[in-house]
Amino acid sequence: MADVLDLDAEVVRPYLEELTAWAAGHAKTAPHTILDIGAGTGTGTLALARRFASADLVAVDLSPNMLDRLQAAAGAAGIADRLRTVQADLDPAWPAAAIGTADLAWASSSLHHVADPDRVLANIYEALNPGGLLVVVEMDAMPRFLPDGVYPGMEERCRQAGARNGWNAWPNWTGHLERAGFTVAEERTFAIDLRPAPPAANRLAHRILGGMRGRLADQLPPEDIAALDRLLDPADEEFVLRRGDLEVRSARTAWAAHRLTE
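The shown structure was predicted, so the numbers you read here are calculated from the model rather than taken from an experiment.

Help me out: how do you make sense of the overall build of the chain in this one?
Helix and strand content of the chain: ten helices and seven strands. Taken against the 2.2 N^0.38 rule, which gives 18 Å for 262 residues, the C-alpha radius of gyration of the chain at 19 Å falls within 12% of a compact globule. Taken along the three principal axes of its C-alpha coordinates, the chain extends 60 × 40 × 30 Å. Out of the 262 residues belonging to the chain, those deemed buried represent 50%. A fraction of 80% describes how many contacts in the chain between residues 6 or more apart in sequence connect residues 24 or more apart. Taking the average location of the 25 positive side-chain charges in the chain and that of its 37 negative ones, the two points are 2 Å from each other.

I keep staring at unusual backbone geometry and nothing clicks. Help me out?
Leaving glycine aside, a negative phi is the common case for residues, and trans is the common case for peptide bonds. Note that the residue after Arg195, namely Pro196, is joined by a cis bond; omega there is 0°. Looking at the element boundaries, Pro196 is found in the loop between β6 (183–194) and α9 (200–216). Phi is positive for Ser109, which is not a glycine, with a value near 55°. With respect to the secondary-structure elements, Ser109 resides in the loop between β4 (102–108) and α6 (117–127). Despite not being glycine, Tyr151 has its phi angle at roughly 45°, a positive value. With respect to the helices, strands and loops of the structure, Tyr151 is situated in the loop between β5 (128–139) and α7 (154–164).

Would you take a moment to explain helix α10 (residues 222–231) for this structure?
Structural remark: α-helix, 3.6 residues per turn; residues separated by three or four positions point the same way. The complete set of buried residues in α10 reads Asp224, Ile225, Ala227, Leu228 and Leu231. Buried residues along α10 cover an arc of 160° about the axis, so they all sit on one side. Facing away from the buried side of α10, by more than 90 degrees, are the exposed residues Pro222 and Glu223. In this structure, the buried residues of α10 make contact with α7 and α9.

Can you help me understand the side chain of Asp61 in this one?
Mapping Asp61 onto the fold places it in strand β2 (residues 56–61). No salt bridge forms around the buried Asp61; measuring N to O, its nearest opposite-charge neighbour Arg69 is 11 Å away. At 2.9 Å, the side chain of Asp61 forms a polar contact with the backbone nitrogen of Ser63. Once you skip the residues sitting within four places of it in the chain, Asp61 turns out to touch Gly38, Ala39, Gly40, Met66, Leu67, Val86, Gln87 and Ala88.

Looking at this structure, I do not really get the pattern of salt bridges. What am I missing?
Should the charged atoms of two oppositely charged side chains come close, the side chains can pair. Considering all chains together, one arrives at 21 salt bridges under this definition. The residue Glu17 makes a salt bridge to Arg13 at a minimum N-O spacing of 3.7 Å. One end of the pair, Glu17, and the other, Arg13, are both in helix α2 (residues 13–26), four residues apart, so they sit about a helical turn from each other. Arg13 sits in the partly exposed class, given a relative accessible area of 43%. Notably, a salt bridge pairs Arg195 with Glu247, separated by 3.8 Å at the nearest N-O pair. One end of the pair, Arg195, is in the loop between β6 and α9; the other, Glu247, is in the loop between α10 and β7 (248–258), with 52 residues separating them in the sequence. On the accessibility criterion, Arg195 (47% relative accessible area) is partly exposed. The network of salt bridges with shared partners includes Asp148, Asp193, Arg195, Glu247 and Arg249.

What's the story with the packing of α2 against helix α3 (residues 43–51) in this structure? I'm lost.
Helix-helix packing is characterised by the crossing angle of the two axes and by the distance between the axes. Taken N-terminus to C-terminus, the directions of α2 and α3 make an angle of 60°; their axes are 10 Å apart at the nearest point. Classified by the angle between their axes, α2 and α3 sit oblique to one another. Along this stretch, α2 crosses α3, giving a crossing that reads as right-handed. Facing Arg13, Leu16, Glu17, Thr20, Ala21 and Ala24 of α2, the residues of α3 in contact are Thr43, Ala47, Leu48, Arg50 and Arg51. For the contact of α2 with α3, a count of residues per class yields five nonpolar, two polar and four charged.

Can you walk me through helix α1 (residues 2–11) in this structure?
Among all positions in α1, only Ala2, Leu7, Asp8, Ala9 and Val11 are buried. Where α1 is buried, its residues contact α2, α3, α4 (64–77), β6, α9 and β7.

Would you mind showing me how to read the sheet that holds strand β1 (residues 33–37) here?
Backbone hydrogen bonds hold the strands of a sheet together, and the pairing may be parallel or antiparallel. Reading across from one edge, β3-β2-β1-β4-β5-β7-β6 is the order of the seven strands in this open sheet, with mixed pairing throughout. Two strands in the sheet have a free side with no partner beyond their single neighbour: β3 (83–87) and β6. On average, adjacent strands in this sheet sit at an angle of 20° to one another, irrespective of strand direction. Bridge count for β6 against β7 is eleven bridges, and the pairing is antiparallel. Each bridged residue has a counterpart across the sheet, and for Val184 the counterpart in β7 is Ala257. Sheet strands in contact with α6 are β1, β4 and β5, and its direction is about 140° off that of β5.

What counts as what
- Residues numbered from 1 in each chain as written.
- Predicted model: local features only at pLDDT ≥ 70, side-chain atom pairs only at ≥ 80, totals over all residues.
- Heavy atoms only, no water.
- Helix = DSSP H or I, 4+ residues; strand = E, 2+ residues; numbered from the N terminus.
- Rg over C-alpha atoms; globule rule 2.2 N^0.38 Å.
- Buried < 20%, exposed > 50% of the residue type's maximum accessible area, 1.4 Å probe, protein only.
- Contact = heavy atoms within 4.5 Å.
- Lys, Arg positive; Asp, Glu negative; His and termini not counted.
- Charge placed at Lys NZ, Arg CZ, Asp CG, Glu CD.
- Arc of directions from axis to C-beta.
- Salt bridge = Lys/Arg side-chain N within 4 Å of Asp/Glu carboxyl O.
- Polar contact = N/O pair within 3.5 Å; in protein donor to acceptor, adjacent residues only side chain to side chain.
- Axes fitted to C-alpha atoms, helices over the stretch in contact; angles between N-to-C directions.
- Parallel < 35°, antiparallel > 145°, perpendicular 65-115°, else oblique.
- Left-handed = near helix turned anticlockwise from the far one by under 90°.
- Nonpolar A, V, L, I, M, F, W, Y, C, P; charged D, E, K, R; others polar.
- Pairing = 2+ DSSP bridges.

So this is what it looks like as structure tokens:
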């Protein structure tokens, strides 16, 4: 998973820059402290550090291995002195003393993983300074990589099978945010359409298609299994790591919400 997160960050960096610019447009003031909830390997953390060059960052994640990778990436990016990591499981309780307060909170592809998101949203509300901004981001579905006409419908059938299994399932967060006390400023869908795909997309496609083959084999028709096997076979002319025709098509939905100014 850590490798997939890092590859995704490399592939969709233009989208991340657009997303953080959108977040900056909703911030009432330049943030002094940013809280990244479920930071993983730091996709959002590093993008936020680039956007808000004077802000300090607090990255929270359950996995110490993810946080180690984030600290290494922060060192390579020259922002280690601005970053503090907190290893915490948010399900039992919110570690208020360890996390502190922030002007901007960020929860990208993380909120749907917690056992009680409404309680965590209430915790985030309390952790934000008055007028602070929360940005919640979710991935709409697994990305597509193959051009139209190449194994038609196979990727969509994989996406549908993943959805039936509850992959990345999340609700519309607007009502949840409002119940926690937030005022929702905007809900926006960001379309990602990279044609041609950047070089790292081949490795990302290999990891994601391999995951589909491993998890969905008993739910796909034989022709889709055969297509995946060809795409994943280094000896086959269709091998995804050698293809020069890949695209990246995906979408992310984001919410910008404010704590009331007191």
